[in-house]
Each structure stands twice: as structure tokens, then as C-alpha cells.
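# Observations on chain architecture
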Amino acid sequence: FDCWIEEQEEGWETAGIKACKDRFEAAMLRMGGAVANVYLVFFDFDRSNISPVAQRVLEKVVADAAKMNPSRVTVAGNADRSGSDGYNLALSKRRAETVAAALTRAGVARAKLQVEWFGESRPRVKTADGVREPENRNVEIRFVK
């Protein structure tokens, strides 16, 4: 799963990303599972602005949403464990709201968005308190049919 997300974040060529995602989806179908559309937008330390790489991810989200017409799009903000719990909760909220605003400006109906934030409570990478972990500074976007 992570290969195509990481390659997309790094700005790798499109054919490799598509091939990686296709392999993952084929494996999920062989196992009888449904493939969820999950997108990750990463942020710099203590930031909530959309980087050029994050913008490309959002463009993919908007294009896929137009094709798939999900009934709901969840936008979940997260933070790493540096900083206080309260600060990280507020930062994850800013990140989620920034992504939701960008999706709305790009044409995703605001009524379809479910915006939530979790601070440092849902890390992608488990760390000790106070650790700066880039993988944990993200907004996760999911389509719900």
C-alpha cells in the first residue's frame, strides 16, 4: 500500500505509481477485500500549509472523487508527538480544515466532507513523546461509498 502513496508524495513518475497501486488492488481483490481509496497529505513540522507535493495529492483526490462520486469524503488531521496534546490537537484541526478548504475550492461539495482531527492520538509511526516524526504529520483522506 505505502509504495504508491510514498512515490506520489516524492513526485515520482506516474506510471510507477499506477503500477504499484494496480498491484495492490489486484492483491486485495484476490483476497476478496474491497479496495478503499486512501490519500495522505503530509505537512512540514509545525505547519498547516499545502506544499506543492501535497497539492498534487489533492488534485488526484479531486479527480478520483469526480470519477467515483463517493457519498462522503473523510478528512482526518493528525500531528506528531512533539508539542503538548492541546497544541497538537489544534494543529491537526488546522491541517484538516486547510485540506477541506482546498478540496472545496477545487470542486468537492462541502456537504460531502466529514472533517475531523485527532492530534497525536493516531500515529502512523509509534514514537515516544516529544519525537518529531514526519509520517505522523498528515491528513488522511478516505472515500466512503
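Preceding this section is the structure that the text describes.
Report follows, based on the coordinates.

Reading guide: rules and limits
Residues numbered from 1 in each chain as written. Predicted model: local features only at pLDDT ≥ 70, side-chain atom pairs only at ≥ 80, totals over all residues. Heavy atoms only, no water. Buried < 20%, exposed > 50% of the residue type's maximum accessible area, 1.4 Å probe, protein only. Helix = DSSP H or I, 4+ residues; strand = E, 2+ residues; numbered from the N terminus. Pairing = 2+ DSSP bridges. Phe/Tyr/Trp six-rings, centres within 6.5 Å; stacked < 30°, edge-to-face > 60°. Lys NZ or Arg CZ within 6 Å of the ring centre and 35° of its normal. Axes fitted to C-alpha atoms, helices over the stretch in contact; angles between N-to-C directions. Contact = heavy atoms within 4.5 Å. Polar contact = N/O pair within 3.5 Å; in protein donor to acceptor, adjacent residues only side chain to side chain. Core = buried A, V, L, I, M, F, W, Y, C linked by side-chain atoms within 4.5 Å. Parallel < 35°, antiparallel > 145°, perpendicular 65-115°, else oblique. Left-handed = near helix turned anticlockwise from the far one by under 90°. Nonpolar A, V, L, I, M, F, W, Y, C, P; charged D, E, K, R; others polar.

## Some remarks on the pairing of strand E2 (residues 72-77)
Extensive coverage of E2 is indicated by the burial of five of its six residues. Judged from the six bridges that link them, E2 and strand E4 (residues 138-144) form a sheet pairing that is antiparallel. In the strand pairing of E4, Val75 is matched with Ile141. Pairing analysis gives five bridges linking E2 to strand E3 (residues 113-117), with the strands arranged parallel. The residue of E3 that forms the bridge with Ala76 is Glu116.

## So, the packing of aromatic side chains
Considering all chains together, one arrives at one aromatic pair under this definition. Aromatic pair Tyr39 and Phe143: ring centres 5.2 Å apart, planes at 50 degrees, arrangement tilted. Note that Tyr39 is positioned in strand E1 (residues 38-42) and Phe143 in strand E4, a separation of 104 residues in sequence. Its relative accessible area of 12% is what places Phe143 among the buried residues. One Lys or Arg, Arg122, reaches over the ring of Phe118 and ends 4.0 Å from the middle of that ring.

## Points about the sheet that holds E1
Paired through backbone hydrogen bonds, the strands of a sheet run either parallel or antiparallel to each other. Read from one edge to the other, the open sheet built from four strands follows the order E1-E4-E2-E3, with strand pairing classed as mixed. Looking at which strands have only one partner, the edges of the open sheet turn out to be E1 and E3. Within the sheet, the average angular offset between the axes of one strand and its neighbour, ignoring direction, is 20 degrees. In this fold helix H3 (residues 52-68) packs onto E1 and E4, with an angle of close to 155 degrees to the strand it touches most, E1. Its contacts with the sheet put helix H4 (residues 85-105) on E1, E2, E3 and E4, and the angle it makes with E3 is roughly 160 degrees.

## Things to note about the environment of Glu120
Note that Glu120 resides in the loop between E3 and E4. Spatially, the C-alpha atoms of Glu120 and Arg137 are 8.8 Å apart, while their sequence positions differ by 17 residues. A polar side-chain atom of Glu120 sits 2.6 Å from a polar atom in the side chain of Asn88.

## Some points on the nonpolar core
Formed by 21 residues in total, the largest nonpolar core has its most connected members in Val41, Val75, Val99, Leu103 and Ile141. Contributions of two or more residues to this core are made by E1, H3, E2, H4 and E4. Take this core: its biggest share by element is six residues, from H3.

## As for the packing of H3 against H4
Where H3 contacts H4, the axes come no closer than 10 Å and their chain directions differ by 55 degrees. Classified by the angle their axes make, H3 and H4 are oblique. Where H3 crosses over H4, the two elements pack in a sense that is right-handed. Here H3 contributes Leu58, Val61 and Val62 to the contact with H4, which in turn contributes Val99, Ala102 and Leu103. A class-by-class count of the residues in the contact of H3 with H4 yields six nonpolar, no polar and no charged.

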